[in-house]
Amino acid sequence: MITVQVTYTVKPEFVAKNKENIQRFLADFKKMDDSAFWYHISLMDDGVTFSHFSAYRDEKIQQEVLNVASFKAFQQERDESGLNGSHAVKVLEFVGASSGKLMPGQPL
C-alpha cells in the first residue's frame, strides 16, 4: 500500500476556488473503483492550508488517480495561484486503519 500526505498553503482569495476544484476532481474520483484507493482533504484551522491524505493499493491505481484530467487541472491551477514554497509531499508508512469509511451524511 502507498500512503501520501500533501500539504500546501494558498492565498486567502484562492481558498474558495481551490475548494471548487477539489470538488470537481472528487466527483471524477467517485466514478473510479474506490476499493483501490482512498483520498481525503482537510482545511487546517488557519483557513488557508490544505492537507491531502491518500492511500493506494498499488502504483498502477496511484498513477490512474494522479492522471485524472480534473485532478491535473486542479494541480496546475493550485500551483499557478502562488504557493510560496509551501507545497510538501511526504510518503508515509501505512500502519493501520479503522474498518469503516467516514463520509458526510453517512451514519457511524
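Just so we're clear, the structure is a prediction, and the values are computed from it rather than from any experiment.

(A) A look at the overall build of the protein chain. If you tally the helices and strands in the protein chain, you get three helices and four strands. Listing the helices and strands of the protein chain from first to last along the sequence gives β-α-β-β-α-α-β. Here the C-alpha radius of gyration of the protein chain, 14 Å, is about what a compact globule of 108 residues would show, namely 13 Å. Summarising its shape, the C-alpha atoms of the protein chain cover approximately 35 × 30 × 25 Å along the three principal directions. Expressed as a percentage of the 108 residues in the protein chain, the buried residues total 36%. The averaged location of the 14 negative side-chain charges in the protein chain is 3 Å from the averaged location of its 12 positive side-chain charges.

(B) Expanded view of the pairing of strand β2 (residues 37-43). Relative to strand β3 (residues 49-56), β2 is paired through seven bridges, and the arrangement is antiparallel. Each bridged residue has a counterpart across the sheet, and for Ile 41 the counterpart in β3 is His 52. What sits between the antiparallel neighbours β2 and β3 is a turn of five residues, in which Gly 47 has the positive phi angle 80°.

(C) Local environment of helix α2 (residues 59-66). Restricting attention to buried positions, one finds in α2 the residues Ile 61, Gln 62 and Val 65. Within α2, the buried residues cover an arc of 105° as seen down the axis, which keeps them to one side. Exposed and facing more than 90 degrees away from the buried side of α2 are Glu 59 and Lys 60. Considering only its buried residues, α2 is in contact with β1 (2-9), α1 (15-29), β2, β3 and α3 (69-80). Among the residues of α2, the N-terminal cap falls to Asp 58, whose side-chain oxygen and the backbone nitrogen of Lys 60 are separated by 3.1 Å.

(D) Expanded view of the packing of aromatic side chains. Counted according to the given criterion, the structure contains eleven aromatic pairs. Both rings, one in Phe 29 and one in Phe 71, keep their centres 5.7 Å apart while their planes meet at 40°; by these two values the pair is tilted. A residue pair is termed long-range when its members are at least 10 positions apart, and Phe 29 in helix α1 and Phe 71 in helix α3 qualify at 42 residues. Through pairs of rings, three or more aromatic residues link up here, namely Tyr 8, Phe 25, Phe 29, Phe 37, Tyr 39, Phe 50, Phe 71 and Phe 74. Positioned above the aromatic ring of Tyr 8, the side-chain terminus of Arg 78 is 4.9 Å from the ring centre.

(E) Region of interest: the confidence of the model for the protein chain. In the predicted model, the protein chain carries a mean pLDDT of 90, and the fraction of residues at 70 or more is 91%. Low pLDDT, under 50, characterises residues 102-108; the stretch is placed with two contacts to residues that sit more than four places away or in other chains.

Conventions adopted
Residues numbered from 1 in each chain as written. Predicted model: local features only at pLDDT ≥ 70, side-chain atom pairs only at ≥ 80, totals over all residues. Heavy atoms only, no water. Helix = DSSP H or I, 4+ residues; strand = E, 2+ residues; numbered from the N terminus. Rg over C-alpha atoms; globule rule 2.2 N^0.38 Å. Buried < 20%, exposed > 50% of the residue type's maximum accessible area, 1.4 Å probe, protein only. Lys, Arg positive; Asp, Glu negative; His and termini not counted. Charge placed at Lys NZ, Arg CZ, Asp CG, Glu CD. Pairing = 2+ DSSP bridges. Arc of directions from axis to C-beta. Contact = heavy atoms within 4.5 Å. Polar contact = N/O pair within 3.5 Å; in protein donor to acceptor, adjacent residues only side chain to side chain. Phe/Tyr/Trp six-rings, centres within 6.5 Å; stacked < 30°, edge-to-face > 60°. Lys NZ or Arg CZ within 6 Å of the ring centre and 35° of its normal. pLDDT = per-residue confidence, 0-100.

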